[in-house]
Amino acid sequence: MTTAQEGQADRDTLEVYGRIMDAIVTQRLAPGQKVSENILTRMFDVSRTAARNAMEQMTAQQFMVSPSPRITRIASLTLKDVRENFTIRKIVEPSILSMISPQIDDDEFKRRNDAIFHDGPIATDADALRILKANRDFNVYIAQQTQFPLLISWVRQLEETTMRIYWIYIKLTGFMPFPWEQHRNLLDLVRDNQTEEIRRHAMMMISACEDRLLNAIFTHGKLNEHSLNF
């Protein structure tokens, strides 16, 4: 395979990965659902090679699980996963924001933040997915400013799990679990390089999101379900 062919294969896998991830987030591919190269090839009209490569990557990242050599399923999303996600984000996000604040591009930061804005309830799945992806891209952009490839890859995986979690909240409430104005206030702190205030504000945002999301799950009687299917 030539270098150009390898590059095209990588782009094909990335595109297929994104389409499958969208389906996992929106539960078009539901937690626990069985998948295979054939199923994904037919479902997304892609090559077996691209489907296989995406499956291998998603299994390594635990978005898919293989309980036996011949069976692969979409990974369940549990309350333990929700708590783990928020715990890791409380450790990582305030530190990243404080680290990169001196070199942040104000205009790009604002543009990406504005892409998250939505006026009123989120009424359609298309709008929900668009906003979730904008929020993911905002946080991945922040991580990219560190220029640490391993950290960037880790944050992307963390944010894709966050998309799955926030999807639940949107389906239950019609809103994101944080006011957009909190992101706007964060921009002011980052612009002014207020390190300690950045950490405090980021931690407050994440903790408030966690409280709102868990309250929504408990209120809607999902506490005893192993997998959070909506």
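Keep in mind it's a predicted model, so treat the numbers as computed, not measured.

Take a probe with the size of a water molecule and roll it over the atoms, and the empty space left behind shows itself. Tallied over the full model, the rule gives one cavity of 30 Å³ or more. Roughly 250 Å³ of internal volume is contained in the largest cavity. Along the wall of the largest cavity there are 22 residues; nearest its centre are Arg89, Glu93, Asn139, His183 and Ile206. Within the residue set of the lining of the largest cavity, elements represented by two or more residues are helix H4 (79-100), helix H6 (125-144), helix H7 (149-173), helix H8 (180-191) and helix H9 (195-219). Tallied by class, the residues present in the lining of the largest cavity amount to 15 nonpolar, four polar and three charged.

Glancing now at H8. Taking 1.5 Å of rise per residue, the 12 residues of H8 would be expected to cover 16 Å, and the 17 Å separating its terminal C-alpha atoms lies within 8% of that figure. Here H8 has its buried residues at Trp180, Gln182, His183, Leu186, Leu187, Leu189 and Val190. In a view along the axis of H8, the buried residues occupy a sector of 165 degrees, so they form one face of it. Asn193 sits one or two positions beyond H8 and adopts a positive phi of about 55 degrees.

Attention now moves to the packing of helix H2 (residues 37-44) against helix H3 (residues 48-60). As a packed pair, H2 and H3 sit with axes 9 Å apart at the nearest point and diverge in direction by 115 degrees. In the packing of H2 onto H3, the handedness of the crossing is right-handed. Contact residues: H2 offers Glu37, Asn38, Leu40 and Thr41, while H3 offers Arg48, Ala51, Arg52 and Met55. Looking at the contact of H2 with H3 residue by residue, the class counts come to three nonpolar, two polar and three charged.

Quick look at the packing of aromatic side chains now. According to the stated counting rule, one finds three aromatic pairs in the structure shown. Ring geometry for Phe117 and Trp180: centres 5.0 Å apart, planes at 70 degrees, overall edge-to-face. Remark: Trp180 occurs in helix H8 and Phe117 occurs in the loop between helix H5 (106-114) and H6; sequence separation between them is 63 residues. With a centroid separation of 6.3 Å and an interplanar angle of 55 degrees, the aromatic rings of Tyr166 and Phe178 are classed as tilted. Pair noted here: Tyr166 is in helix H7 and Phe178 is in the loop between H7 and H8, with a separation of 12 residues, a long-range link. Residue classification places Phe178 among the buried positions, given a relative accessible area of 7%.

Let us look at the environment of Phe138. Mapped onto the elements, Phe138 comes out in helix H6. By relative accessible area, which is 1% here, Phe138 ends up buried. Along the backbone, Phe138 and Arg112 are 26 residues apart, and their C-alpha atoms lie at a distance of 5.6 Å. Filtering out sequence-adjacent residues up to four positions away, Phe138 remains in contact with Phe109, Arg112, Asn113, Ile116 and His183.

In this structure's numbering, the residues bearing the UniProt feature "domain: GntR C-terminal" (unreviewed entry) are residues 86-205. Secondary structure over residues 86-205 splits into 77% helix and 0% strand, and the C-alpha atoms at its two ends are 11 Å apart.

Volume-wise, the largest pocket comes out at about 460 Å³. Of all the elements in the fold, those that place two or more residues in the lining of the largest pocket are H4 and H7. Counting residues per element, the lining of the largest pocket draws most heavily on H7, at five residues. Residues that form the lining of the largest pocket fall into these classes: seven nonpolar, eight polar and three charged.

Before going further, it helps to examine the sheet that holds strand S2 (residues 64-68). Sheet architecture is open: three strands sit in the order S1-S3-S2, paired in antiparallel fashion. Taken across any chain shown, the strands that pair with only one partner, and hence form the sheet edges, are strand S1 (34-35) and S2. With three bridges joining them, S2 and strand S3 (residues 71-74) adopt antiparallel strand pairing. Following the sheet pairing, Ser68 is matched in S3 by Ile71. Strands in contact with H3 are S1, S2 and S3; relative to S2, the strand with the most contacts, it is inclined by about 90 degrees.

The rules behind each value
Each chain carries its own residue numbering, running from 1 in the written order of its sequence. Reporting in this predicted model follows two pLDDT cut-offs: at least 70 for local features of residues, and 80 or more for side-chain atom pairs to be given and counted; totals over whole chains, interfaces and linings ignore these cut-offs and use all residues. The side-chain quantities take in all heavy atoms of the structure and omit both hydrogens and water. The way it works is a 1 Å grid over only the protein atoms, where trapped points that fit a 1.4 Å probe form a cavity and open points with protein on both sides within 12 Å along at least five of seven lines form a pocket, and then any residue with an atom within 4 Å of a point lines it. Grid points are joined across faces, edges and corners, and a volume is the space filled by probe spheres set on the points. Per the convention used, a helix needs a DSSP run of H or I reaching at least four residues, while a strand needs a run of E reaching at least two, with both numbered from the N terminus. Note that Gly is not counted as nonpolar here; it falls among the polar residues with everything else outside the nonpolar set of Ala, Val, Leu, Ile, Met, Phe, Trp, Tyr, Cys and Pro and the charged set of Asp, Glu, Lys and Arg. Here a helix's expected span is defined as the number of its residues, less one, multiplied by 1.5 Å. Buried residues are those whose accessible area, probed at 1.4 Å on protein chains only, stays under 20% of the maximum for their type, while exposed residues exceed 50% and partly exposed ones sit between those limits. The directions from the helix axis to the C-beta atoms form the arc being described. Axis geometry follows a simple rule: fit a line to the C-alpha atoms, using only the stretch in contact for helices, then measure angles between N-to-C directions, giving values from 0 to 180 degrees. Put simply, a crossing is left-handed when the front helix is turned counterclockwise from the back one by less than a right angle, and right-handed when it is turned clockwise. By definition in these notes, contact holds between two residues if any of their heavy atoms fall within 4.5 Å. Centre distance within 6.5 Å is the pairing criterion for rings of Phe, Tyr and Trp, where only the six-membered ring of Trp is used; planes under 30 degrees apart are then read as stacked, over 60 as edge-to-face, and the remainder as tilted. UniProt positions are given in the numbering used here, feature names are shortened, and annotations may be inferred rather than shown by experiment. When DSSP locates at least two bridges between a pair of strands, those strands are taken to pair.

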